[in-house]
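These are the residues of each chain, in order.
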There are 2 protein chains.
Amino acid sequence: MEIIVNPSPQQWKALCTRAVADDAVIEERVRAILSRVEAGGDAALADITREVEGRDLSPVAFREGQICEACPQQAEGVGNNPFLVSREQIAAASAQVDADLKEAIAQAAANIRAFHSAQMPQKVEVETTAGVRCVRRSRPIDRVGLYIPGGSAPLFSTLLMLAIPAKIAGCREIVLCTPAGRDGKIAPAVLYAADFCGVDTIYSLGGAQAIAAMAFGTETIAPVSKIFGPGNRYVTKAKQMVSARGVAIDMPAGPSEVMVMADDSADARFVASDLLSQAEHGGDSQAMLVCGSEAFAADVEAEVAHQLALLPRKDIAEKALENSRIVVFTAEPEAAVEGQVCEGEHRLHSKASRSKACPKQAEGTSPAIAFANAYAAEHLIISMRNPWDVAEQITAAGSVFIGNYSPESAGDYASGTNHTLPTMGLARAFSGIGLDSFMHSITYQELTREGLESLGDTIIKMAGAEGLDAHAAAVKIRLAK
Amino acid sequence: MEIIVNPSPQQWKALCTRAVADDAVIEERVRAILSRVEAGGDAALADITREVEGRDLSPVAFREGQICEACPQQAEGVGNNPFLVSREQIAAASAQVDADLKEAIAQAAANIRAFHSAQMPQKVEVETTAGVRCVRRSRPIDRVGLYIPGGSAPLFSTLLMLAIPAKIAGCREIVLCTPAGRDGKIAPAVLYAADFCGVDTIYSLGGAQAIAAMAFGTETIAPVSKIFGPGNRYVTKAKQMVSARGVAIDMPAGPSEVMVMADDSADARFVASDLLSQAEHGGDSQAMLVCGSEAFAADVEAEVAHQLALLPRKDIAEKALENSRIVVFTAEPEAAVEGQVCEGEHRLHSKASRSKACPKQAEGTSPAIAFANAYAAEHLIISMRNPWDVAEQITAAGSVFIGNYSPESAGDYASGTNHTLPTMGLARAFSGIGLDSFMHSITYQELTREGLESLGDTIIKMAGAEGLDAHAAAVKIRLAK
């Protein structure tokens, strides 16, 4: 890990940079896949799946066994859906999941359920003027689609993070797409977790084609209104491209990242283990440490080297550590110097706007906190003496881990918070997934005749000033009656 | 307006279609503008503004007067920002706004403030397991950018709808971009309203170049984390394109639309005035009426023709009415027929999934309500005998207007609800702007040693099943201490 000591504010922007891959080629490929699925429906899905995954989904193949005979679809003869995972397949998969893991999933699910159930938004109702009643209430999104990637270690934990709040929100149908291997099988833990959480419909579909199917629908797959979940760069690009077509998505996704803030109350071994938890996710992951002394930085670096050697995913973690940094701030907070340009993004220049742009610095916020806010980490671990005081000053982060006994892996799996979080600095404006991600708000207003009389002149005056006479007329015609 | 009587469910999808313009050419132009601003900063902004708007922003021109001498920027000599609107310009504009309009703005603002203040999200705090404390709280987005289009009738009302909640949320800096005319002037009502609502910084910048400036920043303009507001197709495309680069936007935008649901308690003249309020917005606007009798449809049609003739924006409204429809459902609700494929989007086929997909129809929900949900209107006016009963069954709409004395124009200006709403059917998953649009949520978790001990086995088991050993190690190393 690169160690940088007391970087100047001008260096901060570079230090906050994430590894971003160029994706022009991917965009072209994904565009082609989206077009094929939109035009060709189920047949295109089967063709693409055969080309990309090597799975044969010809009607004969799945009629003979992939879908069970007892399936209501077949019984009705409405048509075959070669991608639909049958109840029998789910039952068979569940039988393969060991009891310990089922128990772990149950404990994690209970915590996730408890925390997300508490997030149910309240109805807001205000009489803004006599006779003018305004209401805002949340409603579940009708049909949502979840995507879970396949591979050797499929992320059933992400399924808990998405399906549990979807169910609490009251979404009428929860669809899951997840790719099967060449043998046509989906990881048993994924099917078990999906069923456990109440997913309604499971399709063994992966990649950009799965996103296309959920966004546009096919003859046998109903389109969803919002798509959630992680994926490789094809999946991520496909989500971004369908979102430009009006299908909602959870959030733009980038590689995972952690920042650990540590003072001398932190344990270098714990900190190293947290940095490595992040680094093992993928070669493009980023682990950042912000601390107060070069000696501590050196301790952590030595611990990282020591623990790294023991990891099965050593090669991946090693690659991620190349993008990773230790930033040491030894200096005391400085008072903002008049005329100075502040860190990276605060490039306003008037005296008034400068002090407004950096009240924290003006008040003596530490450079470490200012830097953490500039970075806006997906996961922020605060291993410091007064962690809640620091957390109070954090304005941008996905999920914050307080103190020495709150490793990121606790939030990744079981504390109850959601692990689907904004990366790439998006935490400056985006939130992690919550119950509200599966709901949308509708506003209502009811005016009595008296209410409309109270507002009539205001509406007519404003509509007139905007040149919208019919808007004024809609009021006049009512009040004239 | 086209009248369709008892359309079959197969026809619904076509009836819910909005006018969408092809935008390949616009995309290319916007891409070029974004690249130029990102690479060229202020100089590129000045060049593009000169090319597109015909305004000259060379340093000499603005030094001599466009920016006042008292401006702190100039006083400090940090650099000139030719786009910054000075306090003097704002004061001069405010003096031109007549007192009646100021009073109207104050009344509207008070209602908007009352309704949005009531939306402050509550902190959620749950101890999910003994020693495991999870918290979710909302924080203001630090720096937000608002865009208000120019033109002959600039939408100062939209400024109220954006700046008031931004201020209540506590955003540290609220930036406004709005284009000036060739004379370098911005509509006085816009500057007055911006100042009245507490906008911090105003730039006289328009079009895709304004979106680029707020998204990427320039030498003199600080980037924002989220961009809000309406605009023409260039602005809309630019927002969509910067959102793919990680800048948050309020929502994808399309032409405005209304649906009126009416029974025999409705007044055909009121309904016609509401349809025309929508139609006068733009030639691509859409006005839909859903009613229960052909006679009422004919009455409304006659009233529309009558009232249309009196409108200054007759030509625009006439064009919008070409995209508009009256849908008459005379039939009683039918019980869902087994085996039948239900409306447009509900293409699931098993008995189980069909009844789940359309519980409303199964329960006897009227086709009119099912159709309204399929359309998912930006504005939905319910002029019916039991409007709240109908509203209760509406699962997708932006803002709902209850009863005969709640015209859309009340919500457009003054009732207190927000008028920045999802169009194009996006109301199936998106919400209109609310206080939450200017905030983001951060989650926190704090585990005691005992808390981590309770969850330890679960985390280790799940991490193991996902092949993430370092995640497990971060727990083990703590519990081993």
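A brief structural summary. (Residues numbered from 1 in each chain as written. Chains lettered and ligands numbered in written order. Predicted model: local features only at pLDDT ≥ 70, side-chain atom pairs only at ≥ 80, totals over all residues. Heavy atoms only, no water.)

1. So, the pattern of salt bridges
Across all of its chains, the model carries 44 salt bridges over all chains by this definition. Its salt-bridge partner being Arg31(B), residue Glu27(B) comes within 2.9 Å of it at the nearest N-O pair. Placement of the pair is Glu27(B) and Arg31(B) together in helix α2 (residues 24-53), with a separation of four residues, close to one helical turn. Here the salt bridges do not stand alone but share partners, grouping Glu27(A), Glu28(A), Arg31(A) and Lys237(A) into one network. (Salt bridge = Lys/Arg side-chain N within 4 Å of Asp/Glu carboxyl O. Helix = DSSP H or I, 4+ residues; strand = E, 2+ residues; numbered from the N terminus.)

2. Side note on the interface of chain B and chain A
Contacts between the two partners involve 144 residues from chain B and, on the opposite side, 144 residues from chain A. Taking both sides of the interface into account, the surface hidden between chain B and chain A amounts to around 12700 Å²; carbon and sulfur atoms contribute 56%. It is Tyr405(B), Glu466(B) and Arg478(B) in chain B that bury the most area against chain A; as a group they hold 7% of the surface buried on that side. Scanning the region where chain B abuts chain A turns up ten salt bridges. Between chain B and chain A we count 80 residue pairs in polar contact (both at pLDDT 80 or more) in total. Element by element, the count of residues in the side of chain B that touches chain A is highest for helix α19 (residues 449-465) of chain B, at ten residues. In the sheet, strand β14 (residues 439-447) of chain A pairs with strand β13 (residues 399-402) of chain B via four bridges, with the strands oriented parallel. For Thr443(A), the partnering residue across the bridge sits in β13(B) and is Ser399(B). (Contact = heavy atoms within 4.5 Å. Buried area = accessible area lost by both parts, 1.4 Å probe. Polar contact = N/O pair within 3.5 Å; in protein donor to acceptor, adjacent residues only side chain to side chain. Pairing = 2+ DSSP bridges.)

3. As for the relation of the copies chain B and chain A
Mapping chain B onto chain A is achieved by rotating through 180° and translating by 0.0 Å along the same axis, at an RMSD of 0.0 Å. Each copy turns onto its partner about a two-fold axis. (Least-squares fit on C-alpha atoms with pLDDT ≥ 70 in both.)

4. Some thoughts on the packing of α2(B) against helix α9 (residues 207-216) of chain B
The relative placement of two packed helices comes down to the angle between their axes together with the axis-to-axis distance. Residue and element names in this part refer to chain B. Following both chains from N to C, one finds α2 and α9 inclined at 135°, their axes separated by 8 Å at the closest point. As summarised for this structure, α2 and α9 are arranged oblique, according to the angle between their axes. In the packing of α2 onto α9, the handedness of the crossing is left-handed. Contacts between α2 and α9 pair Val 30, Ile 33, Leu 34, Val 37, Glu 38, Leu 45, Ile 48, Thr 49, Val 52 and Glu 53 from the former with Ala 208, Gln 209, Ala 212, Ala 213 and Phe 216 from the latter. Taken together, the residues of the contact of α2 with α9 sort by class into eleven nonpolar, two polar and two charged. (Axes fitted to C-alpha atoms, helices over the stretch in contact; angles between N-to-C directions. Parallel < 35°, antiparallel > 145°, perpendicular 65-115°, else oblique. Left-handed = near helix turned anticlockwise from the far one by under 90°. Nonpolar A, V, L, I, M, F, W, Y, C, P; charged D, E, K, R; others polar.)

5. Considering the sheet that holds strand β5 (residues 173-177) of chain A
Residues and elements named next belong to chain A. Across the sheet, five strands lie side by side as β6-β5-β4-β7-β8; this open sheet has parallel pairing. Looking at strand neighbours, the two that pair on one side only are β6 (201-203) and β8 (248-249), the edges of this open sheet. Across the sheet, helix α9 (residues 207-216) is in contact with β4 (143-147), β5 and β7 (226-228); its angle to β4 comes to roughly 175°.

6. Here's the deal with the environment of Ala46(B)
Mapped onto the elements, Ala46(B) comes out in helix α2. Sequence separation between Ala46(B) and Ser157(B) is 111 residues, and the spatial gap between their C-alpha atoms is 28 Å.

7. Concerning the sheet that holds strand β2 (residues 124-129) of chain A
Strand order in the open sheet made by the nine strands is β2(A)-β3(A)-β14(A)-β13(B)-β12(B)-β9(B)-β10(B)-β11(B)-β1(B), with mixed pairing throughout. Each edge of the open sheet carries a strand with a single partner, namely β2 of chain A together with β1 (2-5) of chain B. Going from strand to strand, the sheet's axes swing by 20° on average, the running direction of each strand aside. Strand direction decides the pairing type here: β2(A) and strand β3 (residues 132-140) of chain A, joined by five bridges, are antiparallel. Its bridge partner lying in β3(A), Val126(A) is registered against Cys134(A). This element, helix α19 (residues 449-465) of chain A, spans β2, β3 and β14 of chain A of the sheet and lies at about 90° to β14(A). Strands β9 (257-262), β10 (286-291) and β11 (325-328) of chain B of the sheet are contacted by helix α16 (residues 367-375) of chain B, whose axis makes an angle of about 170° with β9(B).

8. Here's the deal with α9(A)
Residue and element names in this part refer to chain A. Counted residue by residue, α9 has ten buried out of ten residues, so it is predominantly covered. Within the span of α9, buried status applies to Gly 207, Ala 208, Gln 209, Ala 210, Ile 211, Ala 212, Ala 213, Met 214, Ala 215 and Phe 216. Those residues of α9 that are buried are in contact with α2 (24-53), β4, β5, β7 and α10 (233-243). Gly 217, located one to two residues past α9, shows a positive phi value of around 80°. (Buried < 20%, exposed > 50% of the residue type's maximum accessible area, 1.4 Å probe, protein only.)

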